[in-house]
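# A structural walkthrough
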Amino acid sequence: MSGEALTRPSSATLLSWARKVRPEEAFVREWSEKSPTEYQVSLDLPRSHAFYTAADGSTSPLLLIESIRQALAVLSCAAQGIPSSHRLGWNTARYAFTPAAGLAPGLSADVLLHVRHTEVSRRRQGAARLAAHIRATSGGTVLVDSVIRYTAFPPLIYDRLRKERADAKRAFARALPPPPPVSAALVGRTDPRDVVIAPASAPHEYRLRLDTRNEVLFDHPHDHVPGMVLLEGVLQAVRASMPGHAPLVALDSTYARYVELDSPCLLSVIPLPDDEENHSRARVVGVQNGREAFASTVRLAPAGLTPGSLATSATESP
């Protein structure tokens, strides 16, 4: 990394800070402080992953997103002094990917996250609002640029916010049984257990499918649907609705409310006009109990282009 002192906590501490239980699913290895607001985080990414590696050896961009999620969770404790008992909730998240982010046979183990906190606002009773710019690189090549705004809730506020749903074990036990999935091949999967969408009654609509036995997506009991499951649902819904399976260029998401485990959530894919660079676009809206819970806008590479021929770059902050 650099000349700054490296921080290498114990494996148990890293698991707790990253909000993970299974050691093989924790990807943060160490970090160094560049300034009071800037950090460089070293990742330990698997060459092949049971969920995030496709049959052709390419890596899902969600592996980088999960690594960013873990890094911010770790730094919230290690750098911002936010206790691991606080619950983190993302408000908005923007990602701009380069072609290198999805190259086979998987990401290099030498991936660094350059994290700069642009806002840390302390609130009453220990809550905090934070914003961070994160750039992932490998061998000096930019993989993704991201800007994330999120909130840290102390237990007292979170329990008041979630009310009877605050108990994760009870909420997890109430999760709806997963309906039959769409074809695994339709969403680029080989194992139906990795499919997170099911057919719905209208074209380009899908029901979010929650198989809580999936140990990657549900590493431990949750009181609501994890954000990574929502993003996987977004990408699978787009892939099922938009032929061509073009590489992901950008993903912008806004989260309005938690998605509950015990009520159906409908994903609607709304095609949008191509942008000025001929990227295909779609908006995916998640609706639960008649209210919009989250929405994501997806940009895909122009039809017919492969990751190696894609010219789009994310060398600037999104």
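Everything numeric here is computed off the predicted structure, so don't read it as measured data. (Residues numbered from 1 in each chain as written. Predicted model: local features only at pLDDT ≥ 70, side-chain atom pairs only at ≥ 80, totals over all residues. Heavy atoms only, no water.)

## Description of the environment of Asp274
Looking at the secondary structure, you find Asp274 in the loop between β11 (265–272) and β12 (280–288). Residue classification places Asp274 among the partly exposed residues on the basis of a relative accessible area of 48%. If we ignore the near neighbours within four places in the chain, the residues touching Asp274 are His279, Ser280 and Arg281. (Helix = DSSP H or I, 4+ residues; strand = E, 2+ residues; numbered from the N terminus. Buried < 20%, exposed > 50% of the residue type's maximum accessible area, 1.4 Å probe, protein only. Contact = heavy atoms within 4.5 Å.)

## Describing the confidence of the model for the protein
Low pLDDT means the predicted atomic positions in that stretch should not be read closely. Of all residues in the protein, 91% attain a pLDDT of 70 or more, and the chain-wide mean is 89. Per-element mean pLDDT across the protein ranges from 84 in strand β1 (residues 6–7) up to 98 in strand β9 (residues 205–208). Ignoring residues within four places in sequence, the model shows residues 304–318, a span with pLDDT below 50, making 35 contacts including any to other chains. (pLDDT = per-residue confidence, 0-100.)

## Examining the packing of helix α2 (residues 61–78) against helix α5 (residues 227–241)
Axis separation between α2 and α5 bottoms out at 11 Å; the angle between their running directions is 160 degrees. Here α5 runs roughly antiparallel to α2, going by the angle between their axes. Of the two possible hands of crossing, α2 and α5 adopt the one that is right-handed. Across from Pro61, Leu62, Ile65, Glu66 and Arg69 in α2, the residues of α5 making contact are Met228, Leu231, Glu232 and Leu235. The class makeup of the residues in the contact of α2 with α5 is six nonpolar, no polar and three charged. (Axes fitted to C-alpha atoms, helices over the stretch in contact; angles between N-to-C directions. Parallel < 35°, antiparallel > 145°, perpendicular 65-115°, else oblique. Left-handed = near helix turned anticlockwise from the far one by under 90°. Nonpolar A, V, L, I, M, F, W, Y, C, P; charged D, E, K, R; others polar.)

## Brief notes about the nonpolar core
With 79 residues, the main nonpolar core has Val41, Leu72, Tyr95, Leu113, Ile148, Ile197 and Phe294 as its most contacted residues. Those residues in contact with Ile197 that sit more than four places away from it in its chain are Pro181, Val182, Val187, Tyr206, Arg207, Arg209, Gly233, Gln236, Ala237, Ala240 and Leu267. (Core = buried A, V, L, I, M, F, W, Y, C linked by side-chain atoms within 4.5 Å.)

## A few points about the pattern of salt bridges
Where side chains of opposite charge bring their charged atoms close, a pairing between them can arise. Counting across every chain of the model gives 19 salt bridges. The partner of Lys20 in a salt bridge is Glu66, with the nearest N and O atoms 3.8 Å apart. In this pair, Lys20 sits in the loop between α1 (11–18) and β2 (28–35) while Glu66 sits in helix α2, placing the two residues 46 residues apart along the sequence. Each member of the pair Lys20 and Glu66 is classed as buried. A salt bridge links Arg87 to Asp223, with the nearest nitrogen and oxygen atoms 2.6 Å apart. Of the two residues, Arg87 sits in strand β4 (residues 87–97) while Asp223 sits in the loop between β9 and α5, which places them 136 residues apart along the sequence. Given a relative accessible area of 29%, Arg87 falls into the partly exposed group. (Salt bridge = Lys/Arg side-chain N within 4 Å of Asp/Glu carboxyl O.)

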